[in-house]
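An overview of the molecular structure
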Amino acid sequence: MATVSVPARTLWLGVLSVAAAVVVVASAVGFFRAFAMPDMGPMDSMGPMASMPDQRLHGMALADMPEMFVAGAALLLAVGIALILGRTRRTVAVPRQKVRGRRVVALVASAALTIDISKTSTLGFVLPGLRAEYGIDASTASLLAVSGLSGTALGALLLSYLAERIGRRVCYLLATLGFTATSMCGTMPDFGGNVVMCFLMGIAVGGLAPILVTVLSDLFPGRHRGAAVAGLSIVATAVGYLVASGSALWLEPVFGWRVLWLIGAPTGLLLASATAVIPDQRSAPAPGAGEENLLARNTLTTRLQWVFAFSIGLTTFGLTTWVPTLSRAGGLSLTTANALLAGSAVAMVLCAGLLALAYRRFGPAGVTVRLAVCTAGLLLALAVSGWAAVAPWLSAVVLTVALLGVNTMAAVFLPVAADVADHSRRGRVAGSVSFFNRLGGLVGPLVLSLLVTSVPEMLIAVAILALLCGSAAAYTSRRQRTLRKAEAESS
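Residues numbered from 1 in each chain as written. Predicted model: local features only at pLDDT ≥ 70, side-chain atom pairs only at ≥ 80, totals over all residues. Heavy atoms only, no water.

1. A few points about a nonpolar patch on the surface
To be explicit about the condition: Patches here are clusters of residues that have more than 30% relative accessible area and form no salt bridge, with a 9 Å joining cutoff for like charges and a 5 Å cutoff for nonpolar side chains (Val, Leu, Ile, Met, Phe, Trp, Tyr). The protein chains shown are the only cover counted for residues, whose accessible areas, like all others here, come from Shrake-Rupley with a 1.4 Å probe. One speaks of a salt bridge when a side-chain nitrogen belonging to Lys or Arg is within 4 Å of a carboxyl oxygen belonging to Asp or Glu. Here a strand is any run of E in DSSP of at least two residues, a helix any run of H or I of at least four, and the numbering for each starts at the N terminus.
On the surface, Val373, Leu380, Ile460, Ile464, Leu467 and Leu468 cluster together to form a nonpolar patch covering roughly 490 Å² of accessible area. Going through the elements one at a time, α13 (334–385) and α17 (455–490) are the ones with two or more residues in the nonpolar patch. Considering every element that reaches the nonpolar patch, the biggest residue donor is α17, with 4 residues. On the secondary structure map, Leu468 appears in helix α17.

This is the structure we're talking about:
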């Protein structure tokens, strides 16, 4: 394969920088223009804010958003240049002992993973306001979730493949630029436009997570890799949901649901500015890679990881997408419901350290089984008792506690997949496992919206799914003990 000469590579890198700058500037223009729209009169809500001028954001005609098309064209140009630069095969894995600023890389990657998770969690907070503005039912609104999660599934496969071809740093830049540009979906004038833009945003969001987990996995030595990356992932999941729920709590009552999309512009800009910190490498065979984690690879086969990831996605996204709606079903106001969810996210952050320690003590299977049993028990108790219909506060509290359990299960599956994979296959394995997780997430909201018609039914359905995830983890743990016994007898 022909490679790019050094002078040509320098030229193409310059053009790539210009294209990236155009995406950033166009996205910034779109962000500020959205907030510069004239007020629409007094707010309809009651309370101390009723006399304040309406600051809620509104849709704009496509003809009034030329910056969106400019950003899209510049992003496509950046992708083309990245593919040209990817013809150079000189970049290989950086030896672990020569990686500088490991803590800085871990901090940046964890922060990026947090923002990535917050964007997915935001979907559930967007749906109630979106349904009210467009006057659509839950089944129609679920198309937004289907579109976004379809994009994340495609992005997990596509960007994982590109990361092996063009390098993780450039692929990270493309994902963050896409994340920034598609934030302008907050100004889409109709529901169809939101569906299309949500799909494009999903591609960037879905591809970012496996890249970041792979980067984190390469930073830590083999024996400590799983616990370290799982701990960071748990923290990122907790903080990510806190960012999403906090944004809904403080910004949505003032600016409306559209602001939850638009804030992707400044956060995406922060991620893009940290591109230089991400190691510029591809997966490459390392000495002794064939023997590393042999037992773990035999225990967590790729197919078993796919099944487990799919089950986790079905449970997590099915619950996360509809928790804000369910918590308001008992009559809670928008602000009260979001405050409760934000409080639960704070509890998730506080518990993240304990859960990371539990991961080291019991392993991923042990932690998952315990979380699954506790989550299912809470949900079933709430459904059978009937408190979900008569005690909205209790219903919302238990739902958010259940969300802590399933989100923690979701936080450990991808780090485990990256941990047990060969160094040369880590990026592709993480991408494929993430794809099946997103595929489960795609099915979850759709199935639950079609089959579940009440809060108790939702509770029972998610409890059953949690138990299925726990059963898969228990089977994994049992198989691990069998393999260890066989290994000890053979030696």
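2. What about the confidence of the model for the protein chain?
Quick note on the threshold: The predictor rates its confidence in each residue with pLDDT, a number between 0 and 100. Should any heavy atoms of two residues lie within 4.5 Å, those residues are considered in contact.
Here the protein chain shows a mean pLDDT of 76. Residues at 70 or above account for 72%. Segment residues 40–53 is flagged for pLDDT under 50; beyond a separation of four residues in sequence, or across chains, it makes 19 contacts in the model. Long-range and interchain partners of residues 285–299, a stretch whose pLDDT sits below 50, account for 25 contacts in this model, where long-range means more than four residues apart.

3. Some remarks on the side chain of Asn194
Note the threshold: Relative accessibility under 20% of the residue-type maximum defines a buried residue, over 50% an exposed one, and the middle range a partly exposed one, all with a 1.4 Å probe and only protein chains included.
Following the sequence through the fold, Asn194 ends up in helix α6 (residues 191–217). Note on Asn194: relative accessible area 1%, which makes it buried. Among all residues touching Asn194, those that are not within four sequence positions of it are Tyr134, Leu144, Cys185, Met188, Trp257 and Trp261.

4. Describing the packing of aromatic side chains
When we look at a pair of aromatic rings, we describe it by the centre distance and by the angle of the planes. Inclusion rule: Each aromatic pair joins two rings of Phe, Tyr and Trp (for Trp, the six-membered one) with centres within 6.5 Å, and gets the label stacked for planes under 30 degrees apart, edge-to-face for over 60, and tilted for any other angle.
With the rule as written, the count across this model stands at 7 aromatic pairs. Measuring from ring centre to ring centre gives 5.4 Å for Phe31 and Phe32, while their planes differ by 80 degrees; the resulting arrangement is edge-to-face. When its relative accessible area of 17% is taken as the criterion, Phe31 is described as buried. Aromatic pair Phe35 and Phe255: ring centres 5.4 Å apart, planes at 80 degrees, arrangement edge-to-face.

5. Quick word on the packing of helix α3 (residues 102–134) against helix α4 (residues 138–166)
In a pair of packed helices, the angle between the axes and the distance between the axes together describe the arrangement. For clarity, the cut-off: Axis lines are fitted to C-alpha atoms, over the contacting stretch for helices. Their N-to-C directions set the angle, which ranges from 0 to 180 degrees. With respect to orientation, any angle under 35 degrees is reported as roughly parallel, any angle over 145 as roughly antiparallel, any angle of 65 to 115 as roughly perpendicular, and every other angle as oblique. Take the far helix as your reference; a near helix turned counterclockwise from it by less than a right angle gives a left-handed crossing, and one turned clockwise gives a right-handed crossing. For this classification, Asp, Glu, Lys and Arg are treated as charged, while Ala, Val, Leu, Ile, Met, Phe, Trp, Tyr, Cys and Pro are nonpolar and the rest, including Gly, are polar.
Between α3 and α4, the shortest axis-to-axis distance is 10 Å and the interhelical angle comes to 140 degrees. Considering their axes alone, α3 and α4 lie oblique with respect to each other. The way α3 lies across α4 gives a crossing that is right-handed. For the pair α3 and α4, the contacting residues are Leu123, Val126, Leu127, Leu130 and Arg131 in the first and Ala138, Ala141, Leu144 and Ala145 in the second. Here the residues of the contact of α3 with α4 sort into 8 nonpolar, no polar and 1 charged.

6. Examining the packing of α4 against helix α5 (residues 168–181)
Packing of α4 against α5 leaves a shortest axis separation of 7 Å and a crossing angle of 140 degrees. In this view, α4 runs oblique relative to α5, as classed from their interaxial angle. Two secondary-structure elements touch here, α4 through Leu159, Leu162, Ala163, Glu164 and Ile166 and α5 through Arg168, Val170, Cys171, Leu174 and Ala175. By residue class, the composition of the contact of α4 with α5 is 8 nonpolar, no polar and 2 charged.

7. Concerning the pattern of salt bridges
This structure, assessed with the given rule, holds 3 salt bridges. Between Glu67 and Arg33 there is a salt bridge, with its nearest N and O atoms 3.1 Å apart. Taken together, the residues Glu67 in helix α2 (residues 66–85) and Arg33 in helix α1 (residues 6–35) connect sequence positions 34 residues apart. Using a relative accessible area of 8% as the deciding quantity, one classes Glu67 as buried. Arg258 is the partner of Glu133 in a salt bridge, and the nearest nitrogen-oxygen pair spans 2.8 Å. Placement of the pair is Glu133 in helix α3 and Arg258 in the loop between α8 (252–255) and α9 (259–262), with a sequence separation of 125 residues. Looking at Glu133, the relative accessible area reads 41%, which means it is partly exposed.

8. Description of the nonpolar core
Operational definition: Only buried residues count toward a nonpolar core. Its members are Ala, Val, Leu, Ile, Met, Phe, Trp, Tyr and Cys residues joined through side-chain atoms within 4.5 Å.
Counting residues in each nonpolar core, the largest one holds 117 residues, and the members touching the most others are Leu144, Tyr172 and Trp261. Not counting chain neighbours up to four residues away, the residues in contact with Trp261 comprise Lys119, Thr122, Leu123, Val126, Leu144, Ser183, Cys185, Gly186, Asn194, Cys198 and Met201. Residues Leu379, Ala383, Met458 and Ala463 belong to the second largest nonpolar core, which totals 9 residues.

9. Remarks on the environment of Ala417
For Ala417, the location among the structural elements is in helix α15 (residues 392–420). Take Ala417: its relative accessible area is 0%, and that puts it in the buried class. The spatial distance from the C-alpha of Ala417 to the C-alpha of Ala309 is 9.5 Å, given a sequence separation of 108 residues. The contacts of Ala417, once residues within four sequence positions are left out, are Gln305, Val429 and Val433.

10. Some remarks on empty space enclosed by the protein
Threshold: Any residue with an atom within 4 Å of a point lines the site, the site being either a cavity, points on a 1 Å grid over the protein atoms alone where a 1.4 Å probe fits but cannot get out, or a pocket, an open set with protein on both sides within 12 Å along at least 5 of 7 lines. Grid points are joined across faces, edges and corners, and a volume is the space filled by probe spheres set on the points.
Taken as a whole and assessed by the stated rule, the structure comprises 4 cavities of 30 Å³ or more. Approximately 360 Å³ is the volume found for the largest cavity. Considering the residues around the largest cavity, the lining is formed by 22 residues, among which Ile117, Thr237, Phe317, Ala410 and Arg438 are closest to the centre. Of all the secondary structure elements, the ones that give two or more residues to the lining of the largest cavity are α3, α6, α7 (222–250), α12 (302–328), α15 and α16 (426–451). The element best represented in the lining of the largest cavity is α15, accounting for 6 residues. For the lining of the largest cavity, the residue count by class is 11 nonpolar, 9 polar and 2 charged. In this model, the second largest cavity occupies a volume close to 110 Å³. Lining of the second largest cavity is provided by Lys119, Thr120, Leu123, Gly148, Leu149, Thr152, Cys198, Met201, Gly202, Val205 and Trp261. Elements with a contribution of two residues or more to the lining of the second largest cavity: α3, α4 and α6. By residue number, the principal contributor to the lining of the second largest cavity is α6, which donates 4 residues.

11. Here we look at the state of the cysteines
What makes a disulfide is a covalent bond joining the sulfur atoms belonging to two cysteines. Basically, it comes down to this: Cysteine sulfurs are considered disulfide-paired once they come within 2.5 Å of each other.
The final tally for this structure, using the stated rule, is 0 disulfides. Unpaired in this structure, Cys185 has its nearest cysteine sulfur neighbour in Cys198, at a distance of 6.5 Å. According to the relative accessible area criterion, Cys185 is buried, its value standing at 1%.

12. So, α3
Operational definition: To estimate the expected span of a helix, subtract one from its residue number and multiply by 1.5 Å. To get the bend at any residue, fit one axis to the seven residues that end at it and another to the seven that begin at it, then take the angle between the two axes.
Given a rise of 1.5 Å per residue, 33 residues ought to cover 48 Å, and the 47 Å separating the end C-alpha atoms of α3 matches this to within 8%. At Val126, α3 shows its strongest bend, of approximately 40 degrees, with the proline Pro128 following within four residues. Most of α3 is tucked away, with 24 of its 33 residues classed as buried. The positive-phi residue at the C-terminal boundary of α3 is Gly135, with phi of around 65 degrees.

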